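Letter by letter, the chains look like this.
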Amino acid sequence: MDVSRLEAGQTIDGFRLEEPLKPGGMANIWRVTHPDIALPMVMKVPFVRPGENPLAIIGFEVEGMILPKLAGEHAPRFVKAGDFSNPYIVMEFIAGRSLKDRLDETPLPADEVAAIGAAIAVALHDLHAQHVVHLDLKPSNVILRENGEAALIDYGLSRHDQLPDLVAEEVSGPIGTGAYISPEQVQGERGDPRSDLFALGVILYFLATGERPFGEPASAREWRRRLWRDPMPPRAWNPDLPPWLQEIILRCLEVDPAARPATAAELAFALHNPECVVLTGRSKRTQRDGPVKVAARWLRSGKPVLPPQRRSIAAQLARAPIIMAAVDLAAGHEGLCEAVAVAVSRLLATEPGARLACVNVMKVSLLTIDPVADAEGRNLHLQRLVELKHWARALPVAAERITYHALEALDPADALIGFARANRADHIVIGARASSALRRYLGSVSAQVVAEAPCTVTVVRTATAAR
Amino acid sequence: MLTAIVTDIHGNREALEACLAHAGRHPIDRFVFLGDYVGYGADPGFAVDTVMQYAERGAISLLGNHDSAAIGAPERMNDEAMLAIEWTRRQLKPAQLEFLAGRPLTAEDGDRLYVHASAADPAAWDYVFDERSAGRSLQATDAALTFCGHTHVPALFHLTVTGKIAGFDPDAGVAMPLTPQRRWLAVIGAVGQPRDRNPAACYALYDDGSRTLTYLRVPYDIESAARKIREAGLPPFLAARLAWGR
């Protein structure tokens, strides 16, 4: 196949080339159709022939290995790959808008930055849970679907922890895109999901300010600078930026991956719940660090790095689970409340990296006009938060790792399940009230949560309830 | 087409039966046995008979160094292995020895080469256990995919675009695409005597439609296999190592 002479109407292995799309960095991209496949599809055909540019060919090969292993809404579905003499990949065409096309509109309002960022974080979490770190996250690799969800494309530099890392075996230096590459990638690490959170931090910074935090350095030598030189705080560019967003962005851009959000789910959680973001000195910064701090980081950056270890990407997520405690504050159930607290504290003792979301649902009826709109409603809401904090006061968890949420809903179980789904909870702890004929008739909240929750559920009963 | 690749059974009936039952849950089109049906284990006759039945139905079956020793060829071996071979030879019937004597050293199937040990010199029984030994084997063949056994340690090697050799420890149960852009050498772990610190029996499935290779681990009744080794009067170490997986 002569890749330089592709024409509309031509057929390759049954796929008919319909129209060329904007070429990617290393490949021509065509819209294609196939008589037996209804899915809208694109075909990627690499520019280069074997032997010309190893990285271009390897990127193509790597994408051909990783894409078939990905499932879900956040990656294009793999359709078919060509053989050695006929290199191509056919995949799902994802309808939507490239995030790159939105860069002209920056700076975007904070709520929009948060919504886009949360959509990308959710997509990243899904990817990481499937054993893959993207490692080349940038606006041109993000497609925003019409429903607001994000899909990630171009897995040519990605790493799947259960497959050979063809990229690392071929290239000794750092590989990535200058504006977005993480400090640890610059040092040769290719197995840390938090590298993608750094790149997402760069994207958030760019969306919120219209500026790139580290410019667009071309050489790997210049990439090293981010190991010691911190970016201008985003609020220095855009004073309207809320402190919580600066807090989130600068956390993502920390040099030490351990200082960033532990998982993409945790980052999505923060972007979904700005009022729960604990503000530190990061949120107040107005200028970059002084020479002493920078010099200290520069000295540290020269230290030899431990050789990257083969770790499970998915297992790294498990170290920082999001635990959700469903707390029933109604009078008469204090014992159960206490039992849930005991169960949660045991769980926290075994999961030191966990975050805890304390959730209470206020049941509203259709007859109430809008409970939060009036003063009484606001007071009630505040009172619930106060009670939740009181409930959690003795739990062994640091203040920055716990959040409180009072939800209003017609159906408490639906609300809890929806919260767990939206915030990627890993484990729900919920109390079950004593069994009764009426409860059996009406259906119990905990039973519905167990049946429908997207994660592990622990149901707590008190000794009296069990009798 | 789905191919089951089975190697280094070493007279372990319990492990072989567990693997074949496991494979039976997949729509397997072809079985390939890479040799070493006997030696170490207490059921060499059962192992050979089983492979013979599969061979009659079209399975590929190769010769391993223990099979070669069992039919009288002078192979270099450690003392325990030698004792086991001498015992094994006494257990096998003429028809079983004749079957072993008729096994080839290699077989080709499309772009695939099957061999018990290294493709570099199959009868020298070199171990493919690191990048250097894998390189020697890869250089000796033009086959896109080579499948071998002999080391009892699963490993996947490939020749990079710039001519380097890289190795990888495969995870069980993961379908790994073997891309057509490069050449691959897959060392399949042992059914009858795993030595990678995982005592479960190992075999692999290759799907040439999706070009994916999946290593599988199958737990089996180690206690019975070990007890039979001890009862046969074979070196006790050969029984004990089954549970250690090394």
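Check the entry above for the structure.
So, how was this worked out
- Residues numbered from 1 in each chain as written.
- Chains lettered and ligands numbered in written order.
- Predicted model: local features only at pLDDT ≥ 70, side-chain atom pairs only at ≥ 80, totals over all residues.
- Helix = DSSP H or I, 4+ residues; strand = E, 2+ residues; numbered from the N terminus.
- Rg over C-alpha atoms; globule rule 2.2 N^0.38 Å.
- Buried ≥ 20, exposed ≤ 12 C-beta atoms within 10 Å, placed from the backbone.
- Contact = placed C-beta atoms within 7 Å.
- Pairing = 2+ DSSP bridges.
- Axes fitted to C-alpha atoms, helices over the stretch in contact; angles between N-to-C directions.
- Parallel < 35°, antiparallel > 145°, perpendicular 65-115°, else oblique.
- Left-handed = near helix turned anticlockwise from the far one by under 90°.
- Nonpolar A, V, L, I, M, F, W, Y, C, P; charged D, E, K, R; others polar.
- Arc of directions from axis to C-beta.
- Core = buried A, V, L, I, M, F, W, Y, C linked by C-beta atoms within 7 Å.

## Structural notes on the overall build of chain A
Here comes step 1: The helix and strand tally for chain A stands at 18 helices and 16 strands.
Here comes step 2: Expected size for 467 residues packed as a compact globule is a radius of gyration near 23 Å; at 25 Å, chain A falls within 12% of this value.
Here comes step 3: Taking the principal axes of the C-alpha coordinates as reference, chain A spans close to 75 × 65 × 40 Å.
Here comes step 4: A buried classification covers 42% of the 467 residues belonging to chain A.

## Considerations on the environment of Leu137(A)
Residues and elements named next belong to chain A.
Here comes step 1: Topologically, Leu137 is positioned in the loop between strand 8 (132-133) and strand 9 (142-144).
Here comes step 2: For the pair formed by Leu137 and Arg251, sequence separation is 114 residues and the distance between their alpha carbons is 17 Å.
Here comes step 3: Apart from the residues lying within four places of it in its own chain, the contact partners of Leu137 are Tyr180, Asp196, Ala199 and Leu200.

## Considering the pairing of strand 1 (residues 2-6) of chain B
All names here are of chain B.
Here comes step 1: Counting buried positions along strand 1 gives four out of five residues, so the element sits mostly inside the fold.
Here comes step 2: Looking at chain direction, strand 1 and strand 11 (residues 201-207) are connected through four bridges and run antiparallel. Bridging from a neighbouring strand, Ile5 pairs with Ala204 of strand 11.
Here comes step 3: With four bridges connecting them, strand 1 and strand 2 (residues 30-33) associate as parallel partners. Looking across to strand 2, one finds that Thr3 is bridged to Arg30.

## What about the packing of helix 2 (residues 110-129) of chain A against helix 5 (residues 194-209) of chain A?
Residue and element names in this part refer to chain A.
Here comes step 1: Two elements in contact, helix 2 and helix 5, have axes whose closest approach is 10 Å; the angle formed by their N-to-C orientations is 160 degrees. As judged from the angle between their axes, helix 2 and helix 5 are roughly antiparallel. Of the two possible hands of crossing, helix 2 and helix 5 adopt the one that is right-handed. Contact residues: helix 2 offers Ala110, Val113, Ile116, Gly117, Ile120, Ala121 and Leu124, while helix 5 offers Asp196, Leu200, Ile203, Leu204, Leu207 and Ala208.

## Comments concerning the pairing of strand 5 (residues 112-115) of chain B
Residue and element names in this part refer to chain B.
Here comes step 1: Every second residue of strand 5 is oriented toward a common face, with Arg112 and Tyr114 on one face and Leu113 and Val115 on the other, all of them buried.
Here comes step 2: Bridge analysis of strand 4 (residues 106-109) against strand 5 gives four bridges, and the strand direction is antiparallel. Note on strand 5: the bridge partner recorded for Glu108 is Leu113.
Here comes step 3: Between strand 4 and strand 5, which follow one another and run antiparallel, lie two residues, and Gly110 among them has a positive phi close to 65 degrees.
Here comes step 4: One ladder, built from three bridges, connects strand 5 with strand 6 (residues 145-148); its direction is parallel. Paired with Arg112 across the bridge in strand 6 is Leu145.

## Some remarks on the interface of chain B and chain A
Here comes step 1: Contact residues are listed per partner, giving 15 residues for chain B and 14 residues for chain A.
Here comes step 2: Elements represented by at least two residues in the side of chain B that touches chain A include exactly strand 7 (155-159), strand 8 (165-168) and strand 9 (175-177) of chain B.
Here comes step 3: By residue class, the composition of the side of chain B that touches chain A is eight nonpolar, five polar and two charged.

## Quick notes on helix 8 (residues 236-244) of chain B
All names here are of chain B.
Here comes step 1: Within helix 8, burial applies to Leu238, Ala239 and Leu242. Along the axis of helix 8, the buried positions cluster into a sector of 105 degrees, meaning they face one direction only. Opposite its buried face, helix 8 presents the exposed residues Pro236, Phe237, Ala240, Ala243 and Trp244, each directed more than 90 degrees away.
Here comes step 2: Residues of helix 8 that are buried sit in contact with helix 4 (79-91) and helix 7 (222-231).
Here comes step 3: Of the residues trailing helix 8, Gly245 is marked for its positive phi of about 70 degrees.

## Focus: the sheet that holds strand 7 (residues 97-98) of chain A
All names here are of chain A.
Here comes step 1: With antiparallel pairing, three strands are arranged side by side in an open sheet as 7-9-10. If you trace the sheet from one side to the other, it starts and ends with strand 7 and strand 10 (150-152), each paired once.
Here comes step 2: Where strand 9 lies against strand 10, three bridges are found, and the strand directions are antiparallel. By the bridge assignment, Leu144 is partnered in strand 10 with Ala150.
Here comes step 3: Along the sheet face, helix 2 touches strand 9 and strand 10 and points at about 45 degrees away from the line of strand 10.

## Concerning the sheet that holds strand 13 (residues 355-363) of chain A
Two pairing modes exist for strands in a sheet, parallel and antiparallel, and in both the strands are linked by backbone hydrogen bonds.
Residue and element names in this part refer to chain A.
Here comes step 1: One open sheet accounts for five strands, arranged 14-13-12-15-16; its pairing is parallel. Each edge of the sheet is formed by a strand with only one pairing partner; in this case those strands are strand 14 (402-409) and strand 16 (456-460). Strand after strand, the sheet turns through a mean of 20 degrees between neighbouring axes, direction not considered.
Here comes step 2: Note: strand 12 (residues 322-326) against strand 15 (residues 427-431), four bridges, orientation parallel. When the sheet's bridge partners are listed, Met324 is paired in strand 15 with Ile428.

## Comments concerning the environment of Val132(A)
Residues and elements named next belong to chain A.
Here comes step 1: Locating Val132 in the fold gives a position in strand 8.
Here comes step 2: Using a count of 27 C-beta atoms within 10 Å as the deciding quantity, one classes Val132 as buried.
Here comes step 3: On a C-alpha basis, the gap between Val132 and Asp192 in space is 9.5 Å, while along the polypeptide they are 60 residues apart.
Here comes step 4: Excluding residues that lie within four positions of it along the chain, Val132 makes contacts with Ile66, Leu70, Leu127, Ser158, Arg159, His160 and Ile313.

## Details of the nonpolar core
Here comes step 1: One finds Met324(A), Ala325(A) and Tyr203(B) to be the most contacted residues of the largest nonpolar core, which totals 196 residues.
Here comes step 2: Leaving out residues up to four positions away in the same chain, Met324(A) has contacts with Ala357(A), Val359(A), Phe419(A), Ala420(A), Ala425(A) and Ile428(A).

It is worth stressing that arrangement in space is one thing and function is another; only the former is reported here.
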